[in-house]
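Observations on chain architecture
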Amino acid sequence: VAEGRHLTTEPIDPASTAIGLAGAEDGAVATFTGVVRNHHDGREVLWLEYEAYEEMAERQIDNLIAEARRRWPLSEAVIRHRLGHLNIGEVSVVIAVAAPHRAEALESCRWLIDTLKAEVPIFKREAHAVGEVWVDDHE
Amino acid sequence: VKVTILLFARPREVVGAGKLELQVEMGSTAATAFQELAVRHPRLAEMRANLRCAVDQEYVDWETALHDGAELALIPPTAGG
């Protein structure tokens, strides 16, 4: 697994991703942090593993950021997604956007995480007490 | 024409490889290449409804024709975030 523009096997720090993002003209930084929780569909989750079609995922995330910049007047947009083994409570993804006003920061951040989940080829394996399964629903 | 097929998640486990080469006839589509693979790996056929396909790292229709050297990826349900 490579260290990519957006994908990483290293822990992600949400605070340092957002710090310094706002320029002098920006009034808002919106961030979304995805965290590994200990349950899904009523079942206990012990840990997760993320796998990706890495080259395509990197390109798709580039495209998402470009599209978000077309839709909203963003100054900066950063996406970092973790791959590999993650324990409960670890950060799986951070999205941070800076914009002149809060509405475009919040709306674009929401759009980015929703579209990432639906379109970017990243796959999730969940470990339960009884075994492991690939997650195939869009929550 | 020769194409490279990329597999991830459960399809990768079912086939037992993340990457394989497949020789297909001229004019073959992503769908026909999938069918050839599914003949060898019947459990893959059941997954077709939940798979999307990408050629050269772009999502495409299953009826897209494959060029020589194409990289055809079978994309299972995405679950990032």
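Refer to the structure above for everything that follows.
Below, the structure is looked at part by part.

Conventions used here
- Residues numbered from 1 in each chain as written.
- Chains lettered and ligands numbered in written order.
- Predicted model: local features only at pLDDT ≥ 70, side-chain atom pairs only at ≥ 80, totals over all residues.
- Heavy atoms only, no water.
- Buried < 20%, exposed > 50% of the residue type's maximum accessible area, 1.4 Å probe, protein only.
- Helix = DSSP H or I, 4+ residues; strand = E, 2+ residues; numbered from the N terminus.
- Arc of directions from axis to C-beta.
- Contact = heavy atoms within 4.5 Å.
- Core = buried A, V, L, I, M, F, W, Y, C linked by side-chain atoms within 4.5 Å.
- Buried area = accessible area lost by both parts, 1.4 Å probe.
- Salt bridge = Lys/Arg side-chain N within 4 Å of Asp/Glu carboxyl O.
- Polar contact = N/O pair within 3.5 Å; in protein donor to acceptor, adjacent residues only side chain to side chain.

**Overview of helix 2 (residues 30–40) of chain B**
Residue and element names in this part refer to chain B. Residues of helix 2 that are buried include every one of A30, A31, A33, F34, L37 and A38, and no others. Down the axis, helix 2 shows its buried residues gathered within 160 degrees of arc, on one side only. Away from the buried face of helix 2 by more than 90 degrees, exposed residues V39 and R40 are located. Elements that come into contact with the buried residues of helix 2 comprise strand 1 (2–7), strand 2 (19–23), helix 3 (42–45), strand 3 (52–55) and strand 5 (71–75).

**A closer look at the nonpolar core**
Counting 31 residues, the largest nonpolar core has A:V97, A:L112 and A:I122 as its most contacted members. Here this core takes six residues from helix 3 (residues 102–119) of chain A, the largest share from any one element. Not counting residues within four places of it along the chain, the set of residues in contact with A:V97 comprises A:L21, A:A28, A:V29, A:A30, A:L74, A:E76, A:A77, A:A105, A:S108, A:C109 and A:L112. Judged by nonpolar contacts, the second largest core, of 25 residues, contains B:L22, B:V24, B:L51 and B:L72.

**With respect to the interface of chain B and chain A**
Quoted interface sizes are often the accessible area lost when the parts come together. On the chain A side, the residues contacting the 21 residues of chain B number 27 residues. At the boundary of chain B with chain A, total buried surface from both sides reaches about 2,000 Å², with 51% on carbon and sulfur atoms. Of all residues in chain B, B:Q57, B:T78 and B:G81 give up the largest surface area on contact with chain A, accounting jointly for 33% of the area buried on that side. On the surface where chain B and chain A come into contact, there are four salt bridges. Among the ionic pairs, A:E51 bridges to B:R12, the shortest N-O distance being 2.5 Å. Seen at the junction of chain B and chain A, the total is 16 residue pairs in polar contact (both at pLDDT 80 or more). Elements supplying a minimum of two residues to the side of chain B that touches chain A: helix 1 (9–15), strand 3, strand 4 (58–60) and strand 5 of chain B. Broken down by element, the side of chain B that touches chain A gets its largest block of residues, four residues, from helix 1 of chain B.

Purely geometric stuff here, so don't read any function into it on its own.
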